[in-house]
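Secondary and tertiary structure notes
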Amino acid sequence: MHISVTPLRRVVKPQAVVMSESKPPTPTPGDTYKGWLFKWTNYIKGYQRRWFVLSNGLLSYYRTQAEMGHTCRGTINLATANIAVEDSCNFVISNGGAQTYHLKASSEVERQRWITALELAKAKAIHMQAESAQSGGCRNSEIQSTLRTLNSKVEDLATCNDLIVKHGSALQRSLSELEGIRAGADTGEKIRQVTERATLFRITSNAMINACRDFLSLAQTHSKRWQKALQTEREQRIRLEETLEQLAKQHNHLERAFRGATVLPPSFSNPALGSKGGVSGKGDASDEDDDNEFFDAMEDPAEFITVPADPKYHRLFSLFFTVSYIPLELEPVKQRRTRIPDKPNYYLNLWSIMKNCIGKELSKIPMPVNFNEPLSMLQRLSEDLEYYELLDKAAKCQSSLEQMCYVAAFTVSSYSTTVHRTGKPFNPLLGETFELDRLRECGYRSLCEQVSHHPPAAAHHAISEKGWTLRQEITLASKFRGKYLSIMPLGSIQCIFDKSKNHYSWKKVTTTVHNIIVGKLWIDQSGEIDVVNHKTGDRCHLKFAPYSYFSRDIPRKVTGVVTDKDGKAHYVLSGTWDEKMEFSRVMQSSKGENGTEGKQRTVYQTLKAKEIWRKNPLPEGAENMYYFSSLALTLNESEDGVAPTDSRRRPDQRLMEEGRWDEANAEKQRLEEKQRTVRREREREAVKTASTHQDNYQALWFEKTDDPVSGESLHVYKGGYWEAKEKGSWDMCPDIF
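So, here is what we can say about the structure in this document. Because the structure is a prediction, the values reported are computed rather than measured.

1. Observations regarding the nonpolar core
- In terms of nonpolar packing, the biggest core is built from 66 residues, with Trp468, Leu470, Phe497, Trp506, Val531, Leu542 and Phe544 touching the most fellow members.
- Once you skip the residues sitting within four places of it in the chain, Leu470 turns out to touch Leu385, Phe410, His460, His461, Ala462, Ile493, Gln494, Cys495 and Trp506.
- Core analysis: the next-biggest nonpolar cluster, separate from the first, contains 20 residues, Tyr61, Ile83, Trp114 and Ile115 among them.

2. Quick notes on the pairing of strand β10 (residues 372-376)
- Burial runs high along β10: five of the five residues are buried.
- The side-chain alternation of β10 yields two buried faces, one formed by Asn372, Pro374 and Ser376 and the other by Glu373 and Leu375.
- Here β10 pairs with strand β11 (residues 424-426) via two bridges, running parallel. Bridged to Ser376 within β11 is Phe426.

3. Things to note about the state of the cysteines
- On inspection of all chains with the given rule, the structure shows zero disulfides.
- Residue Cys397 stays outside any disulfide, its sulfur separated by 8.3 Å from that of Cys405, the closest cysteine.
- Judged by relative accessible area, Cys397 falls into the buried class, the value being 15%.

4. Remarks on the pairing of strand β16 (residues 484-497)
- Here strand β15 (residues 468-480) pairs with β16 via 13 bridges, running antiparallel. Looking across to β16, one finds that Leu470 is bridged to Cys495.
- Counted between consecutive antiparallel strands, the loop separating β15 from β16 contains three residues, among which Gly482 sits at a positive phi close to 105°.
- Two strands pair when backbone bridges link them, and β16 and strand β18 (residues 510-514) are joined in this way by four bridges, in the antiparallel orientation.

5. Things to note about a nonpolar patch on the surface
- Taken together, the side chains of Tyr547, Tyr549 and Phe550 define a hydrophobic patch exposed on the protein surface, amounting to about 450 Å² of accessible area.
- On the secondary structure map, Phe550 appears in the loop between β20 (539-544) and β21 (557-563).
- You can call Phe550 exposed: its relative accessible area is 79%.

6. As for unusual backbone geometry
- Look at Arg556: it is not a glycine, yet its phi comes out positive at around 60°.
- Mapped onto the elements, Arg556 comes out in the loop between β20 and β21.

7. Some thoughts on the sheet that holds strand β4 (residues 74-77)
- The strand order β4-β3-β2-β1-β7-β6-β5 describes an open sheet built from seven strands, whose pairing is antiparallel. A strand with exactly one partner marks an edge of an open sheet, and here the two such strands are β4 and β5 (82-85). The sheet shows a mean angle of 35° between the axes of neighbouring strands, direction not considered.

8. Points about the packing of aromatic side chains
- Per the stated rule, a full pass over the model turns up 21 aromatic pairs.
- Judged by centre distance (4.8 Å) and plane angle (75°), the ring pair of Trp40 and Tyr43 falls under edge-to-face.
- A ring pair is formed by Trp522 and Tyr547, whose centres lie 5.5 Å apart and whose planes are at 80°; its orientation type is edge-to-face. With a gap of 25 residues between them, Trp522 in strand β19 (residues 522-533) and Tyr547 in the loop between β20 and β21 connect regions that are remote in the sequence.
- Its relative accessible area of 36% is what places Tyr547 among the partly exposed residues.
- Through successive ring pairs, a cluster of aromatic residues spans Trp701, Tyr721, Trp722 and Trp730.
- Arg49 extends its terminal NZ or CZ atom over the ring of Trp36, reaching a point 4.0 Å from the ring centre.
- The ring of Tyr415 has Lys508 sitting right over it, with the charged end atom 5.3 Å from the ring centre.

Criteria and cut-off values
- Residues numbered from 1 in each chain as written.
- Predicted model: local features only at pLDDT ≥ 70, side-chain atom pairs only at ≥ 80, totals over all residues.
- Heavy atoms only, no water.
- Core = buried A, V, L, I, M, F, W, Y, C linked by side-chain atoms within 4.5 Å.
- Buried < 20%, exposed > 50% of the residue type's maximum accessible area, 1.4 Å probe, protein only.
- Contact = heavy atoms within 4.5 Å.
- Helix = DSSP H or I, 4+ residues; strand = E, 2+ residues; numbered from the N terminus.
- Pairing = 2+ DSSP bridges.
- Disulfide = S-S within 2.5 Å.
- Patch = residues over 30% accessible without salt bridge, like charges linked within 9 Å, V, L, I, M, F, W, Y side chains within 5 Å.
- Areas by Shrake-Rupley, 256 points an atom, 1.4 Å probe, with all protein chains shown as cover.
- Salt bridge = Lys/Arg side-chain N within 4 Å of Asp/Glu carboxyl O.
- Axes fitted to C-alpha atoms, helices over the stretch in contact; angles between N-to-C directions.
- Phe/Tyr/Trp six-rings, centres within 6.5 Å; stacked < 30°, edge-to-face > 60°.
- Lys NZ or Arg CZ within 6 Å of the ring centre and 35° of its normal.

Spelled out as structure tokens, the structure:
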């Protein structure tokens, strides 16, 4: 994300900028300390103003205060750092060579405040580190001692148990003998034996009871302490996982930025610059300035890359930073829009248009933009990637059955964006395309192309750096039934994972728009989906229950069962397609009682359900923006470099988004008539060349092929688009707008 910040000129003294701000209070031990400092970046940009935060023994910095929530530029652990004062305003923090911050305060007083805060934080960090190590050793010694005591108690209990068994048996024999004797001289002797044995049994039993009490008391005492220690360890593990996740995100961001970096002109590596201090140890792998990011030659950029990267990138970094001084310019992540113009309130006599459409194929009937939303069907198809993280997680799964759960959740998630979307997307023109390049932000990019007009068919190809490929070809068939509109997607969706080579395929369910003529429009999804792993034979059967006023089930309910190739159930999925999905592992299954239809139901005994997907909240004001999601709001945003056939360049759609619906309707009619004219010309050419096909149109970026794994025939991306975009060469694209 690019944040615009006013750059500091070299002629402006940093002191004048910072001193104008209110002075922070003198730091006290344990406090979080924040403020602006000037940090040396490199010999191109010199000192740059950065926001520093000192907390929990860690000194971190950011370009702006706004970055604190998402992008940390670097962190030093003060427990292992050296703090040195250079002059009245400058000081240096280093952890032994890997990271070195050359910092400048606005004044000597301000520098002293920071030095005091840093020294206090360092002392506390060292103390906590030593205390943690000591407590860890003491805790280990204490645990060993407690375990020895408990073991001794267990041995006492075993001994008491043996004695109770022995004396109990003897007592029982004596009682039996006592019952069999007659009154006489032996009676007194037998009673004496019974009394002795009963006494021994009582003594042993009391010893057993006391030993049990001691053991229970000791176990209860240490149980609380161990539970507390376990909770502490769990919390530390959670914090560590969160820290690693944040560092991994930063690492991925920097890695993608490095791969997409543009090398500056060789003049910047002039040896003369080095003779003036260009290779001084003062520079370090710094953050970016307002427009560019530069890396200095001598310092290791480890302050940024805190998670080990692929060795090939280490070798590449080494090559760049030892051969010559070549700064890199890194393109900032684009700031995407968060609003579009509000939907105008246009009145339209719906019945006058729809009464002649009953039972007909709507794709062949010209419809005004009043029914539409300002997106094309290609853009709606790209919205399936709203929850791409599910496929990212699936790519990491070791188990194909667990991976199936994430793929199934992904298929359900694609319907969540439709719950309030009653507007019809624009029918794409033949040859129309749409690219969605989110490589820098999300690690994937996709391309759609309208490959057929009648029947309308769109091909989609998406590929991710996380190791998955998604491809689909969708043909929409729709019928107006009077009260409702049915939309039946035909075609197949496939997902292939690079590492496991698991190849999944599935189809979409039917979408129904209710209350077309009277009442408030509402949308329902119904039908069944079979997600199949063609490599392993695993299968997930998903059922989308149609909404019914008389049903006691929750609306928009989805259920599913994941089975292996032998039909054995391993996971159960449940939830709704508009809110969330959960999955739980099956421990046992059995046949239950017959259902209402006379079919025998299967009962699954499962572990506690876990949430696998939840819908993202809609942006503020979505009800006035066609109920678009945050992703949908960005899809029609103007973007440089896209193909001339891209949906963003479609004039009628652009006019509608701007609220100029009358002009949009006129432009829509012009484009449709232009398309019909081109089609008739193509058919005439086919007749002249004696072609066996009435329409010999060939898609530009996709080609029809038979998939050897699934056995299905679909349009597959053949390559060339992103190379053409890089060159800016679009000569092959047809003139469709």
